Amino acid sequence: MSFKVSATYQGARAASLATNHGILQTPFFMPIATRGAVKHLANSDFATIQNQILLANTYHLYLRPGLEVLKKCGGLHGLMNWQKPILTDSGGFQVFSLAALRKITPDYVIFNSHIDGRELKFTPELSMEIQAAIGSDIQMCFDYFSGYPATRKETEYSVKLTTAWAKRCKYYLSLSSGHPSPNRGGKEGEVFGIVQGGTFPDLRKQSAQELVNIGFNGYAIGGLAVGETPQEMYTMIEAAVPELPADKPRYLMGVGQPEQILEAVKLGVDMFDCVLPTRNARHGQVYIHPSPLRRGEGGEVVAPDLSMVNYQKINLTGSVYATDLQPLDSYCQCSTCTSGYSRAYLRHLFSVNEALAQRLATVHNVYFYVQLMRDIRAIIMKSSHL
RNA sequence: GGGCAGGUGGCGGAGCGGUCAAUCGCACUUGGCUGUAAACCAAGCAGCCUCUGGCUUUCGGGGGUUCGAAUCCCUCCCUGCCCA
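Residues numbered from 1 in each chain as written. Chains lettered and ligands numbered in written order. Predicted model: local features only at pLDDT ≥ 70, side-chain atom pairs only at ≥ 80, totals over all residues. Heavy atoms only, no water.

(A) How the structure looks around the pattern of salt bridges. Counted by the stated rule, this structure contains 10 salt bridges. With a shortest N-O distance of 3.2 Å, Arg-118 and Asp-116 are connected by a salt bridge. Taking the relative accessible area as the measure of exposure, Arg-118 reaches 41% and is therefore partly exposed. Between Asp-202 and Arg-152 there is a salt bridge, with its nearest N and O atoms 2.5 Å apart. One end of the pair, Asp-202, is in helix 8 (residues 201-214); the other, Arg-152, is in helix 7 (residues 152-176), and 50 residues separate them in sequence. By relative accessible area, which is 38% here, Asp-202 ends up partly exposed. On the basis of relative accessibility, which here comes to 34%, the residue Arg-152 falls in the partly exposed class. Sharing partners across several salt bridges, the network here consists of Arg-152, Glu-156 and Asp-202. (Salt bridge = Lys/Arg side-chain N within 4 Å of Asp/Glu carboxyl O. Buried < 20%, exposed > 50% of the residue type's maximum accessible area, 1.4 Å probe, protein only. Helix = DSSP H or I, 4+ residues; strand = E, 2+ residues; numbered from the N terminus.)

This is the structure in structure tokens:
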């Protein structure tokens, strides 16, 4: 994999990242397709949104459809007929989010399946095996995040386990390098380590250093946006980034609101994912541009100096939209907005619980996020002094 | 005309002498969702106020019993089913 920085501005960088399924332009946002689908979206939607990549989940795809189906169907690319890159989360987040359903040991994690309760023994090696079967272009190490708030002792353990498991992931891949997954066209996938360290800057640094010593194709910062303040989050990013090699991509996992993404980009982060645009869309909350704004007619979503994102969140289920016939977002070029669907109609669809409501809103929100990243990248490219 | 069963907050439906401004569900209103067990969760939902409390008016209408009534009695109105 090659990662090449082509422009920098205000601490932000624009780069290209080559994968088995094409070259990614950073910074980018990954819509989340946990179970092999971005909820409510079809491939035809991706064609208009033009997202470069999807994120899928190891734990969820292991439960269904399972390893055998993935192997026989050409991995997730084959199953979905999605030919662009896929990044897979390792299942590490489920150790946190499904905490009530698992037991953790230094060597493995036992999950009780949230589907049928059966026991699943998850190891770093199994996570890598599943990600290979998925045909993941960018694999994540199986990590351990202790939750928030966490004591220093708990966080130290989280870092310790994450480093130990990262070594096992790397070792497993070195063993299997002679037998690359056919679902990746016979090529190796890339592997990212995940920095933990909770809200302790020194542990963040330590975690980053330990992972860099092992050596990965890129580095993620995990365990953030889970209850700490945005300022604490930025502080943790600032602690970790200097320890990470400048010639490798950086990925802030699970973040976040548009302004948080912008801030992180300026702190040197290249990759993002978050459930907010999709989940909020399903719940009737959409990201829009203030109404005077028109693309190409002055006024920008992202300030030319990257100082702010000009947007607002509105709740379409609100009674104020009952007869609001204006387009959802006259600035937006997504298929929902260019089709002229009004806020009143969307509000109606939500109130009668029509699936179309969630589909239209999801298209819009995902487009908003993907376009936000395109705008940020354009500013970096334009203003770069590199 | 006779018999039986009922009339409770926007709707459905509990309660059947005090702990009832009235369980619960739906609808409605407003919030929140950050590597997705999430088309979910939370709060509010008679009115007013000096709002971790107080006051006023509510359970078809009217009257009564009682210290106290959505709950018991009388009467009227209305609804459903059965009989004529």
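(B) How the structure looks around unusual backbone geometry. With an omega of -5°, the peptide bond running from Thr-26 to Pro-27 counts as cis. Secondary-structure assignment places Pro-27 in the loop between strand 3 (22-26) and strand 4 (28-30). Note the cis peptide between Arg-64 and Pro-65, where omega equals 10°. Relative to the helices and strands, Pro-65 is located in the loop between helix 2 (58-63) and helix 3 (67-72). Unlike most non-glycine residues, Leu-306 shows phi in positive territory, near 60°. When you line up the elements, Leu-306 lands in the loop between strand 15 (285-288) and strand 16 (312-315). Of note in the backbone geometry, Asn-353 takes a positive phi value of approximately 60° without being a glycine.

(C) Structural view of the protein's contact with RNA strand B. Near RNA strand B, the surroundings consist of 41 residues, among which Ser-97, Ile-194, Met-253, Val-275 and Thr-278 are the closest. Interatomic distance of 3.4 Å between a side-chain N/O atom of Gln-196 and a base oxygen of RNA strand B. Contributions of two or more residues to the surface near RNA strand B are made by strand 5 (54-57), helix 5 (92-97) and helix 11 (276-282). Among the residues forming the surface near RNA strand B, the class breakdown is 13 nonpolar, 21 polar and 7 charged. (Near = heavy atom within 4 Å. Polar contact = N/O pair within 3.5 Å; in protein donor to acceptor, adjacent residues only side chain to side chain. Nonpolar A, V, L, I, M, F, W, Y, C, P; charged D, E, K, R; others polar.)

(D) View of the sheet that holds strand 7 (residues 102-104). Spatial ordering of the open sheet is given by 7-8-9, a layout of 3 strands whose pairing is antiparallel. In this open sheet, the two edge strands, each paired with only one partner strand, are strand 7 and strand 9 (119-122). Mean inter-strand twist for the sheet, computed between neighbouring axes without regard to direction, equals 15°. Examined bridge by bridge, strand 8 (residues 109-112) and strand 9 share 4 bridges and lie antiparallel to one another. Paired with Phe-111 across the strands is Leu-120, a residue of strand 9. (Pairing = 2+ DSSP bridges. Axes fitted to C-alpha atoms, helices over the stretch in contact; angles between N-to-C directions.)

(E) Quick peek at the packing of helix 8 against helix 9 (residues 230-240). Contact geometry for helix 8 and helix 9: axes closest at 8 Å, N-to-C directions at 40°. Between helix 8 and helix 9, the interaxial angle falls into the category oblique. Classified by chirality, the crossing of helix 9 by helix 8 is right-handed. Between helix 8, through Pro-201, Arg-204, Lys-205 and Ala-208, and helix 9, the contact on the second element is made entirely by Met-236, Ala-239 and Ala-240. When grouped by side-chain class, the residues that make up the contact of helix 8 with helix 9 number 5 nonpolar, no polar and 2 charged. (Parallel < 35°, antiparallel > 145°, perpendicular 65-115°, else oblique. Left-handed = near helix turned anticlockwise from the far one by under 90°. Contact = heavy atoms within 4.5 Å.)

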